Amino acid sequence: DIHESWQAAVAANWCDVLQIPAMLGRQTSLLNAAAATEAIVNLKKPVWEGPGFFADAETKLVGAANKWFTYRGTGTKIDMAFDLHDLLDMWGSYPPNQCFADVTHTNRGDMWRSVRMARAARAIGFENFFAEVHPEPALAQCDSQHQLSMKALEMMLGAISEYKR
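Residues numbered from 1 in each chain as written. Predicted model: local features only at pLDDT ≥ 70, side-chain atom pairs only at ≥ 80, totals over all residues. Heavy atoms only, no water.

1. A word on the nonpolar core
Stated formally: Definition of nonpolar core: a set of buried residues of the types Ala, Val, Leu, Ile, Met, Phe, Trp, Tyr and Cys, connected through side-chain atoms within 4.5 Å. Here's how the labels work: a residue is buried when its accessible area is under 20% of the maximum for its type, exposed when over 50%, partly exposed in between, all with a 1.4 Å probe on protein chains only. Here, residues are in contact when the closest pair of their heavy atoms is within 4.5 Å.
In terms of nonpolar packing, the biggest core is built from 40 residues, with Ile-20, Leu-43 and Phe-129 touching the most fellow members. Sequence-distant contacts of Ile-20, defined by excluding residues within four places in its chain, comprise Ile-2, Gly-25, Leu-30, Leu-31, Ala-34, Val-41, Asn-42, Leu-43 and Lys-44.

Next up, the structure:
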């Protein structure tokens, strides 16, 4: 994640992907600075925004070498939903290689729900997924309630690989 405009050029020297946190996705100066680098820019949708958020934010990413758009749910920070309507709208608006489904932030503390959400997103065509994984989720310093264990990740990868294009 980068949080301030000056960080874009510095991080791009070391990172292939600059991730814009969902809470900062409307900051024009941050998006412009990330787009000015050679790095891929991963923009995460804030939960309070609809899928149309990406179209507006994309206008601030002019010149970006490559853009990724990550759907991380809709609702409030307390009660987020993994909305297939939003995923379908997003899928119809961007090339498949730019669409990512975050299957951990909306799992409501049930890592096995992430496996089912990934399977649903894969069924409608998603090929790219974002997941937070920790060898011992309860010990993770951030978002421990949403982390996947290595076993859950293995199950998720198995579930989504069942779908052939």
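Let's pick the thread back up.
2. A short note on the environment of Ser-5
The line we're drawing: A run of H or I in DSSP counts as a helix once it spans at least four residues, and a run of E counts as a strand once it spans at least two, with each numbered from the N terminus. Here a polar contact is taken to be a pair of N or O atoms separated by no more than 3.5 Å, where protein atoms must pair a possible hydrogen donor with a possible acceptor and residues adjacent in sequence count only if both atoms sit in side chains.
Secondary-structure assignment places Ser-5 in helix 1 (residues 5-12). Distance from Ser-5 to Ala-138, taken between C-alpha atoms, is 33 Å for residues 133 residues apart in sequence. Excluding residues that lie within four positions of it along the chain, Ser-5 makes contacts with Ser-29, Leu-30 and Ala-33. Looking at Ser-5, its side chain comes within polar contact range of the main-chain oxygen of Ser-29, at 3.2 Å. Only 3.4 Å separates the side chain of Ser-5 from the backbone nitrogen of Leu-30, close enough to count as a polar contact.

3. Quick look at the sheet that holds strand 7 (residues 128-130)
The test is simple: Only strands joined by at least two bridges in the DSSP assignment are considered to pair. Only C-alpha atoms enter the line fits that serve as axes; for helices the fit covers just the stretch in contact. Angles between N-to-C directions range over 0 to 180 degrees.
Across the sheet, 5 strands lie side by side as 1-2-3-6-7; this open sheet has parallel pairing. What marks the edges here is a single partner per strand, and that holds for strand 1 (17-20) and strand 7. Averaged over all neighbouring strand pairs, the angle between strand axes comes to 30 degrees, with direction disregarded. Relative to strand 2 (residues 40-44), strand 1 runs parallel, the two sharing 4 bridges. Along strand 2, the bridge assignment pairs Val-17 with Ile-40.

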